[in-house]
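Structure at a glance
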Amino acid sequence: MSDGAVLHVKGRILVGPDDVRDELWVVGGRISYDRPAGARDVRTVEGWALPGLVDAHCHVGLDAHGPVEPETAEKQALTDRDAGALLLRDAGSPSDTRWIDDRDDLPKIIRAGRHIARTRRYIRNYAWEIEPDDLVAYVAQEARRGDGWVKLVGDWIDRDLGDLSACWPREAVQAAIAEAHRLGARVTAHCFAEDSLRDLVEAGIDCVEHATGLTEETIPLFAERGVAIVPTLVNIATFPQLAAGGESRFPRWSDHMRRLHERRYDTVRAAYDAGIPVYVGTDAGGSLPHGLVGAEVAELVTAGIPPIEALSATTWGARAWLGRPGLEEGAPADLVVYDSDPRADVRVLVSPRRVVVNGTVVS
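Residues numbered from 1 in each chain as written. Predicted model: local features only at pLDDT ≥ 70, side-chain atom pairs only at ≥ 80, totals over all residues. Heavy atoms only, no water.

1. Observations concerning the overall build of the chain
Along the backbone of the chain there are 12 helices and 20 strands. Here the C-alpha radius of gyration of the chain, 21 Å, is about what a compact globule of 363 residues would show, namely 21 Å. Along the first, second and third principal axes, the C-alpha atoms of the chain reach 70 × 40 × 35 Å. Within the chain, buried positions represent 55% of all 363 residues. (Helix = DSSP H or I, 4+ residues; strand = E, 2+ residues; numbered from the N terminus. Rg over C-alpha atoms; globule rule 2.2 N^0.38 Å. Buried < 20%, exposed > 50% of the residue type's maximum accessible area, 1.4 Å probe, protein only.)

2. A few points about the state of the cysteines
Overall, the coordinates contain 0 disulfides when judged by the stated rule. As a non-bridged cysteine, Cys 167 has Cys 191 as the owner of its nearest cysteine sulfur, 8.4 Å distant. (Disulfide = S-S within 2.5 Å.)

3. Here's the deal with the side chain of Arg 319
Relative to the elements of secondary structure, Arg 319 occurs in helix α12 (residues 316-322). One buried charge, Arg 319, has no salt-bridge partner; the nearest side chain with opposite charge is Asp 334, at 4.9 Å. In terms of polar contacts, Arg 319 uses its side chain to reach the backbone carbonyl oxygen of Gly 52, at 2.9 Å. (Lys, Arg positive; Asp, Glu negative; His and termini not counted. Salt bridge = Lys/Arg side-chain N within 4 Å of Asp/Glu carboxyl O. Polar contact = N/O pair within 3.5 Å; in protein donor to acceptor, adjacent residues only side chain to side chain.)

4. Notes on the nonpolar core
Leu 135, Leu 152, Ile 205, Phe 222 and Leu 300 are the most contacted members of the largest nonpolar core, which totals 87 residues. For this core, the element with the highest residue contribution is helix α3 (residues 170-182), accounting for 5 residues. Judged by nonpolar contacts, the second largest core, of 16 residues, contains Leu 7, Ile 13, Val 26 and Val 337. (Core = buried A, V, L, I, M, F, W, Y, C linked by side-chain atoms within 4.5 Å.)

5. Thoughts on the packing of aromatic side chains
Tallied over the entire structure, the rule returns 7 aromatic pairs. An angle of 75 degrees between the planes, with centres 4.8 Å apart, marks the rings of Phe 192 and Phe 239 as edge-to-face. Of the two residues, Phe 192 is situated in the loop between β15 (186-191) and α4 (197-202) and Phe 239 in helix α7 (residues 239-246); the sequence distance between them amounts to 47 residues. Like Phe 192, the residue Phe 239 is buried in the burial classification. Three or more aromatic residues joined by ring pairs make a cluster, and in this case those are Tyr 122, Tyr 126, Trp 156, Phe 192 and Phe 239. The lysine or arginine in question, Arg 89, covers the ring of Trp 149, its NZ or CZ lying 4.6 Å from the ring centre. The lysine or arginine in question, Arg 264, covers the ring of Tyr 265, its NZ or CZ lying 4.2 Å from the ring centre. (Phe/Tyr/Trp six-rings, centres within 6.5 Å; stacked < 30°, edge-to-face > 60°. Lys NZ or Arg CZ within 6 Å of the ring centre and 35° of its normal.)

Now the structure itself:
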């Protein structure tokens, strides 16, 4: 919009799950609930408005082979934006994407630095691959480089074992997490299997990605400690294909992956029922395309999470967890407008009518 232009959004403004207003105004890129005096050059958008959606696990600047050129990273960010994902927690990337912060037309990114993995225990070209004695130093390095998060690879296939296994001794992760917290950063970890979870939670971890290995024994521990999970169900859907590809070399691993996949919905529902915070993330940017945030919300509903809670996991609740505003007075005007009430049917999230970034209608 031109200088001095005003955006008027009217219909139903979902400021919170129970806070619904009739209209808002955008002046100077920020939200106001007071009609601006002498407003001119007013553009009106009508519909059901939500805060910009959150994808709390994606990878801008990364593809299946490693870091990508800025042009590709830009396309990834634009794809997320056009899907309504306007706040991204980038859960590990070797690319420098700080230039995105200077673009008013792209989503806002919260970075976790580069993945930190055990030597030869993760996808090639993705992570710093180190041994336990170096973990504290690398966590400190990424805590300083990131935006308040650090990403560990908590488990991966052990080729000698032929199955998933924990990557770090408990003492190493305890010291590393304590160092991250000292530096003001939270820590999350990639975890598919069961055996790394107790050590990570008791060491003070803040979040676990995927968390397919949750069991009756570890779910109460997560709930007691308030450790969040980001299930990435659209990614877990690929487990059978991965298992088939590894069957001949690692049959034990393949069987394990299939079992984790088969119980994925039960795992997520049990976690939710126990009071574990659950947030939306897609794991886009590795082998998955960007722009899947709406599909992930629908997957959470399929798992048995009530629609309003699944919606909160990508809007109000997720933004509060990440410390970013929603549709509050004076907040940056990052919002998405839909044709119908997303509380009634979350499937409308895949088809935004309008996307507004920093007060400008971009899609």
